[in-house]
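Overview (structure and organization)
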Amino acid sequence: MCETITHRGPDGSGLHVEPSAVLGMRRLAVVDVAGGDQPVYSEDGAVVAVFNGEIYNFAELRAELLDRGHRLAASGDSECLVHLYEEYGDAFVHRLRGMFAFALWDGRRRRLLLARDRVGKKPLYWGMRSGSLRFASELKALIDDPRWRGEVDPVALHHYLTFQYVPAPWSIFEGIGKLPPGSTLVWQDGQVRVDRYWRLDATPRLGPVVAAEEAERLRELLLEATRLRMIGERPIGAFLSGGVDSSAVVAAMARQSPQPVRTFCVGFEETGFDEREHAREVAALYGTDHSELVLPDSPLDVLPTLAWHFDEPFADSSAIPTFLVAKMSSREVTVVLNGDGADEIFGGYRRYALLQRASRLWVPPTAAPVLDAAGRSLRSLSRRGSLLRRVGWGLELAGLPTADRYTRLMSYFTERQKREIYTPGQRGRVAGVRSGAIIERAFEESFAGCDLTRVMDVDVNTYLPGDLLVKVDLSTMANSLEARSPFLDHVLMEWAAGLPGELKIRGGTSKYLLKRALADWLPAHLLQRQKMGFGVPLASWLRTGLRPLAHDLLTDATARNRGIFDPRAVARLLSEHARGRDHSNRIWTLMQFELWHRTHLPARPTVRPVVDGQRRLRSM
């Protein structure tokens, strides 16, 4: 949706919001379905707001506002925003418990306030041109304006190749940015100010910590966060992968739901990626109404749809199963809960243990380049999850500082690999730009007490909002489904952030405290099994069903004529991968950029692109 913000108050009095501002915010009605129309107004019409998301503590906020004499016309959460602003000014964002992006216009002061939730679950794009501010929840709404040329930002592309997503505050287009998580933007008198109002404080708590007491507190917080996210007037369910995190959420739901919980799982024919057996066990344990979907051998048909819905290039291949399980779930429910956030706040990723081990090593500076080369070679020749690949990572990381180790683990393309694949012109456009500087800054800003919790804090501020939350929000919203994440409740997160590292990873056990807290909820063998993740058999796909598409997309005249990537370097990647070296992540990153470019630029399609019988992309 894209519309000019020009409104009058509910009594017909004159209220004029800047006609140069463009709004593109869509909301799926879950609470106060009948009376939750937007925009919402203060009693005199001087303050008006539009809102995307959910405020989970709206009932207590409404009660407080009514006690203070405010008159609320509806019974939902949106209207609370304008009245809270009247009471507390910009600081009212601290009183919101939920996920949100909103715009609020103060007609008396001719002042616009934009805000995004603490962890960045809901998107918000903005840009300035000729003194006017434009903002939207979808990038499409901004570039639809012919005055915005929609040129690719070479720096944003440079960062995308490293991280598989475009990190805030950049967007893929020059002149348009993303408001960072936990931030507000104020526009007044043609001037813009962006402030960070929240950052997770990972400072270690003082005093003794008793594991049994902390486990009990964790159960209480998880139950509360889950209960708040079960509020609504629409059918609700849960994504259940069979891993610890989603199983914990389903267990918390089942303990508080009068009806069987509806659960949804996606699986693969390849056993190394399939967790359906574990999901079925949890579903049986809690008597859920369980549905499954098995992914096809090749995701060819869904790729154009993903390219349309993802307004920026996005190369996390788990977007495919996420989108498809969201599509399946939307046939039965309107809201789904998930386990997102547990890995980042309780220490679930394998990289945390790997970085912990690597930090104990000392390597002479002269040996570091040799180990790096040997490690990269081992990784490229090994299978995902194999011992050989872990050894390769260990060698590659041994001679690096912690921030550089983390950057290397998170990089699809290293700086050297980007220089090798760029054309000379593209190298010149990003000369002096280092994607690793984003990670270094996140490390410097962290107050965590040790390297382990600092790395987790960096994930909360980079990977979580840039990748995971984008993937889930866009995949669910595209299917008229709302995703809610109990582990990302900011009260739970703030409590967990102060826990010592030994309660997160202990003796090789990841998520130690979470697993201890769940000991009475889930079977021991499920808690103890190795984390599988939500990956897809990408390397195999790119040697079989997706191989012709990858070759066509990356080597035809359209791709070559962009002048961004060296055709010989691209052809070498494709050839080496076909012969057994694993370049799947880099090839996929290039493919997603090319798919995105053909979908959104230079012609802006009026319908979604489709795949024809020759497996080539076209627009109808």
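The rules behind the values
Residues numbered from 1 in each chain as written. Predicted model: local features only at pLDDT ≥ 70, side-chain atom pairs only at ≥ 80, totals over all residues. Heavy atoms only, no water. Helix = DSSP H or I, 4+ residues; strand = E, 2+ residues; numbered from the N terminus. Buried < 20%, exposed > 50% of the residue type's maximum accessible area, 1.4 Å probe, protein only. Areas by Shrake-Rupley, 256 points an atom, 1.4 Å probe, with all protein chains shown as cover. Lys, Arg positive; Asp, Glu negative; His and termini not counted. Salt bridge = Lys/Arg side-chain N within 4 Å of Asp/Glu carboxyl O. Polar contact = N/O pair within 3.5 Å; in protein donor to acceptor, adjacent residues only side chain to side chain. Contact = heavy atoms within 4.5 Å. pLDDT = per-residue confidence, 0-100. Pairing = 2+ DSSP bridges. Axes fitted to C-alpha atoms, helices over the stretch in contact; angles between N-to-C directions.

1. A closer look at the overall build of the protein chain
From N to C terminus, the protein chain includes 27 helices and 20 strands. Residue burial in the protein chain is summarised as follows: out of 620 residues, 59% are buried. Split by element, the accessible area of the protein chain, about 25,000 Å² in all, is 51% carbon and sulfur.

2. Observations concerning the side chain of Asp117
Within the secondary structure layout, Asp117 lies in the loop between strand 6 (111-116) and strand 7 (125-129). The side chain of Asp117 sits in the buried core without any salt bridge; Arg116 is the nearest counter-charge, 5.5 Å away. One polar contact links the side chain of Asp117 to the main-chain amide nitrogen of Gly120, over a distance of 2.7 Å. When residues no more than four places from it in sequence are discounted, the contact partners of Asp117 are Gly98, Met99, Phe100, Lys122, Pro181, Gly182 and Tyr197.

3. Looking at the confidence of the model for the protein chain
Residues at a pLDDT of 70 or more form 87% of the protein chain, whose mean pLDDT is 87. Here residues 1-27 scores under 50 on pLDDT; set against residues more than four positions off or in separate chains, the count is 84 contacts. Within the model, the stretch residues 604-620 combines pLDDT values under 50 with 36 contacts to residues more than four positions away or in other chains.

4. Structural notes on the sheet that holds strand 8 (residues 132-136)
Reading across from one edge, 8-7-9 is the order of the three strands in this open sheet, with antiparallel pairing throughout. With one partner strand each, in any of the chains shown, strand 8 and strand 9 (177-178) form the two edges of the open sheet. Summarising the sheet, strand 7 and strand 9 pair through two bridges and their orientation is antiparallel. By the bridge assignment, Tyr125 is partnered in strand 9 with Lys178.

5. A few points about unusual backbone geometry
In this model, Ala168 is joined to Pro169 through a cis peptide bond whose omega is 15°. Within the secondary structure layout, Pro169 lies in the loop between helix 4 (154-163) and strand 9. The backbone of Gln164 shows a phi angle near 75°, a positive value even though the residue is not glycine. Counting through the fold element by element, Gln164 comes out in the loop between helix 4 and strand 9. The class of Gln164 is buried, set by a relative accessible area of 6%. A positive phi angle is found at Lys511, which is not glycine, with a value near 50°. Assignment of secondary structure puts Lys511 in the loop between strand 18 (509-510) and helix 21 (512-517). Residue class for Lys511 comes out buried when judged on its relative accessible area of 4%.

6. Details of the sheet that holds strand 15 (residues 335-337)
Taken in spatial order, the five strands of this open sheet run 14-13-12-15-16, and their pairing is parallel. In the strand order of this sheet, the two ends are held by strand 14 (289-294) and strand 16 (482-484), each with one partner. Strand-to-strand twist of the sheet, defined as the mean angle between neighbouring strand axes without regard to direction, takes the value 30°. Pairing of strand 12 (residues 236-239) with strand 15, which is carried by three bridges, proceeds in the parallel orientation. The partner of Gly237 across the bridge, within strand 15, is Val336. Docked against the sheet, helix 6 (residues 244-254) engages strand 12, strand 13 (262-267) and strand 15, running at close to 155° with respect to strand 12. Docked against the sheet, helix 9 (residues 319-329) engages strand 12, strand 13, strand 14 and strand 15, running at close to 145° with respect to strand 13.

7. Some points on the pairing of strand 6
Counted residue by residue, strand 6 has six buried out of six residues, so it is predominantly covered. Side-chain alternation along strand 6 places Arg111, Leu113 and Ala115 on one buried face and Leu112, Leu114 and Arg116 on a second face that is also buried. Across six bridges, the pairing between strand 5 (residues 98-106) and strand 6 is antiparallel. Its bridge partner being in strand 6, Phe102 is matched across the sheet by Ala115. Joining the antiparallel neighbours strand 5 and strand 6 is a turn of four residues, in which Arg110 adopts a positive phi near 50°. In the sheet, strand 6 pairs with strand 10 (residues 183-188) via five bridges, with the strands oriented antiparallel.

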